[in-house]
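Next come the chains, spelled out residue by residue.
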Amino acid sequence: MKYFLLTIAFVLSGMASASAQTARTFILQNSADGQSTLTCYLPMNPTGRALIACPGGGYSHLAMEHEGTDWAGFFTMRGIAYFVLKYRMPNGDRTLPMTDAYHAMQTVRDSAEVWGINPYDVGIMGSSAGGHLAATVSTHAPFAVRPNFTILFYPVISMDDRVTHRGSVDNFLGKDKAQENIVKDFSCDRAVRRHLTPPAIILTSGDDRTVNPLTNGLSYYTAMRRAGNSCALHVYPTGGHGWGFRSTFAYHDEMADELTAWLRQLPAPQKDAVRVACIGNSITDGSGIDMAETFGYPAQLQKLLGKGYQVRNFGVGARTMLNKGDHPYMQEMAWRDALAFNPDVAIIKLGTNDSKPENWQFGAEFEQDMQQMIDSLKALSSRPRIFLCTPIPAYRVQWGINDSTIVNAIIPIIYNTAKRNACEVIDLHSLFRNDDDRQIQRDAIHPTEQGAGQMARLVSEAVRSERKVLKPEKQRKNKKTKR
């Protein structure tokens with residue numbers, strides 16, 4: 001009896017402590033019809049981090065307590081502002097819950113200053129069907145309302161009703177579940193985008209017979225790992241489905257500790273950090289470098305520049321500056337995201353793929369297309385400092401990429417455009433060295449992890465330097481590079 005009373009006292013003490021860490025609780029209307037609401041828990045000692053929770057329920061109802069409000073103390077005790085989203089049921093109209101989630105993200109970011117939140121450190125959490133909604137926001141939302149990180153509990157990921165929770169599919173897609181392209185689009189493992197889909201942690205049970213983890217949570221992890229995006233996966237031996245924050249879950253304490261550890265190591269940029277957008281093709285993207293999100297040149301640039309900067313990788317493989325090229329960069333989501341990022345510094349490295357004969361037949365338009373990109377960046381409210389990078393050397397003709405075209409045609413245009421627009425040039429073609437044969441991959445085009453580090457150092461030096469605008473009379477002097 002004494003032990004029972006001590007246990008009750010301990011639990012009550014913990015609840016009181018959690019409540020004491022919440023400075024303010026209130027509910028906001030989140031849709032015009034009032035059916036969607038946002039329950040807000042602001043912490044006593046905010047870290048600037050915020051999280052929006054989407055409870056599950058098969059898109060037919062919401063488990064608001066154990067997958068929503070019961071988590072409040074856990075997060076506010078860690079200084080995280082916590083918001084529980086009551087979203088509208090789709091009944092076949094998927095735009096309803098998606099709109100509610102987008103609006104919740106916008107509300108939190110718009111209120112960041114008032115609520116002590118870092119707008120670049122706002123995450124989303126979802127359980128079961130709520131996990132599908134959270135993953136959908138993470139993969140489909142415009143940049144302005146896309147979360148910075150994602151927490152998924154035993155999530156529905158696939159919309160293929162042969163391998164997932166049928167009720168969620170029926171309710172979310174309705175009659176569109178017969179449309180193969182729509183099923184594919186909203187199967188979130190197939191919507192993961194390299195660099196653009198935020199870091200995630202997935203927590204699930206191996207014996208979940210309601211939402212098969214193999215074709216859902218594990219599929220999302222696999223897609224994230226294949227893309228090189230940061231993702232953690234924890235599979236508990238037992239527990240079934242729907243445990244949420246219930247203490248009856250056998251691995252509750254381990255789960256709480258592992259989630260805490262993941263949140264602790266999750267990088268959070270400073271609110272006033274200098275925003276650096278790395279725009280480019282596969283060399284910026286990090287093609288051929290495993291875990292490019294960690295070891296590519298933009299990631300290494302982040303490490304060199306430090307916490308006072310926020311570096312984002314907007315590289316996309318095979319892309320061209322030329323709008324008539326085979327894969328124009330300015331038609332990509334990454335370009336739209338780069339503009340929405342409103343960078344303070346823009347690093348443009350395009351031109352390698354433009355040298356292919358099938359692309360360079362439109363070379364007369366290279367300068368005007370580059371001008372279009374520069375004009376779009378100049379129009380941003382941040383008025384970014386713009387660096388134009390010359391391509392690194394192509395050490396042999398590969399896939400039509402030709403160093404002669406780069407040197408004799410593309411680089412002169414880059415310099416002329418830089419002079420006309422008072423942009424700065426980083427002459428990677430002259431400065432990049434491969435003297436030890438360890439800087440370039442076997443394809444003779446893409447840098448290795450070591451080569452990416454060399455690029456990062458060169459770009460870092462330029463970004464940290466005083467502004468130097470190229471004078472018209474200054475001539476570029478090429479250094480000999482090893483071929």
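Everything numeric in this text was worked out from a predicted model, so none of it was measured.

S.K.: Is there a simple way to explain the state of the cysteines in this structure?
M.R.: A disulfide bridge is the covalent bond that connects two cysteines by way of their sulfur atoms. Inspection of every chain in the model, using the stated rule, returns zero disulfides. Free cysteine: C188, not disulfide-bonded; nearest cysteine sulfur from C54 at 12 Å. The thiol of C278 is unpaired, and the distance to the nearest cysteine sulfur, on C389, comes to 8.6 Å.

S.K.: Honestly, the packing of helix α3 (residues 95-110) against helix α5 (residues 129-140) in this entry has me stumped. Any pointers?
M.R.: Pairs of packed helices are described in terms of their axes, by the angle between the two and the distance that separates them. Running from N to C, α3 and α5 point in directions that differ by 70°, and their axes come no closer than 10 Å. Taken as axis vectors, α3 and α5 run roughly perpendicular relative to one another. Where α3 crosses over α5, the two elements pack in a sense that is right-handed. Between α3, through P97, M98, A101, Y102 and M105, and α5, the contact on the second element is made entirely by L133, T136, V137 and H140. When grouped by side-chain class, the residues that make up the contact of α3 with α5 number seven nonpolar, two polar and no charged.

S.K.: Can you walk me through empty space enclosed by the protein in this structure?
M.R.: It is a probe the size of a water molecule, rolled over the atoms, that shows where empty space is left. One pass over the full model with this rule turns up one cavity of 30 Å³ or more. Size it by volume and the largest cavity reaches roughly 30 Å³. Taken together, S282, I283, G286, S287, I289, Y297, H446, P447 and A452 form the lining of the largest cavity. Classifying every residue of the lining of the largest cavity gives five nonpolar, four polar and no charged.

S.K.: How should the packing of aromatic side chains be read in this particular structure?
M.R.: Two numbers describe a pair of aromatic rings. These are the distance of the centres and the angle of the planes. Enumeration over the complete set of coordinates arrives at 27 aromatic pairs. Between Y41 and Y82, the ring centres sit 6.0 Å apart and the planes meet at 35°, which makes this aromatic pair tilted. With Y41 in strand β2 (residues 37-43) and Y82 in strand β4 (residues 81-86), this pair connects stretches of sequence that are 41 residues apart. Here Y41 and Y82 have matching classes, each one buried. Judged by centre distance (6.2 Å) and plane angle (65°), the ring pair of F149 and W262 falls under edge-to-face. Within this pair, whereas F149 is found in strand β6 (residues 149-153), its partner W262 is found in helix α9 (residues 252-265), the two being separated by 113 residues in sequence.

S.K.: Can you walk me through the sheet that holds strand β9 (residues 274-280) in this structure?
M.R.: Strand pairing in a sheet is mediated by backbone hydrogen bonds. Such pairs are either parallel or antiparallel. Taken in spatial order, the five strands make up an open sheet running β10-β9-β11-β12-β13, and their pairing is parallel. Strand pairing shows two members of the sheet lacking a second neighbour, β10 (309-315) and β13 (424-426), which therefore form its edges. Averaged over all pairs of adjacent strands, the angle between their axes in this sheet comes to 20°, without regard to strand direction. With four bridges connecting them, strand β11 (residues 345-349) and strand β12 (residues 385-389) associate as parallel partners. Among the inter-strand pairings, V345 is bridged to a residue of β12, identified as R385.

Quick notes on the rules
Residues numbered from 1 in each chain as written. Predicted model: local features only at pLDDT ≥ 70, side-chain atom pairs only at ≥ 80, totals over all residues. Heavy atoms only, no water. Disulfide = S-S within 2.5 Å. Axes fitted to C-alpha atoms, helices over the stretch in contact; angles between N-to-C directions. Helix = DSSP H or I, 4+ residues; strand = E, 2+ residues; numbered from the N terminus. Parallel < 35°, antiparallel > 145°, perpendicular 65-115°, else oblique. Left-handed = near helix turned anticlockwise from the far one by under 90°. Contact = heavy atoms within 4.5 Å. Nonpolar A, V, L, I, M, F, W, Y, C, P; charged D, E, K, R; others polar. 1 Å grid on protein atoms, 1.4 Å probe; cavity = no way out; pocket = protein on both sides within 12 Å on 5 of 7 lines; lining within 4 Å. Points joined across faces, edges and corners; volume = space filled by probe spheres on them. Phe/Tyr/Trp six-rings, centres within 6.5 Å; stacked < 30°, edge-to-face > 60°. Buried < 20%, exposed > 50% of the residue type's maximum accessible area, 1.4 Å probe, protein only. Pairing = 2+ DSSP bridges.

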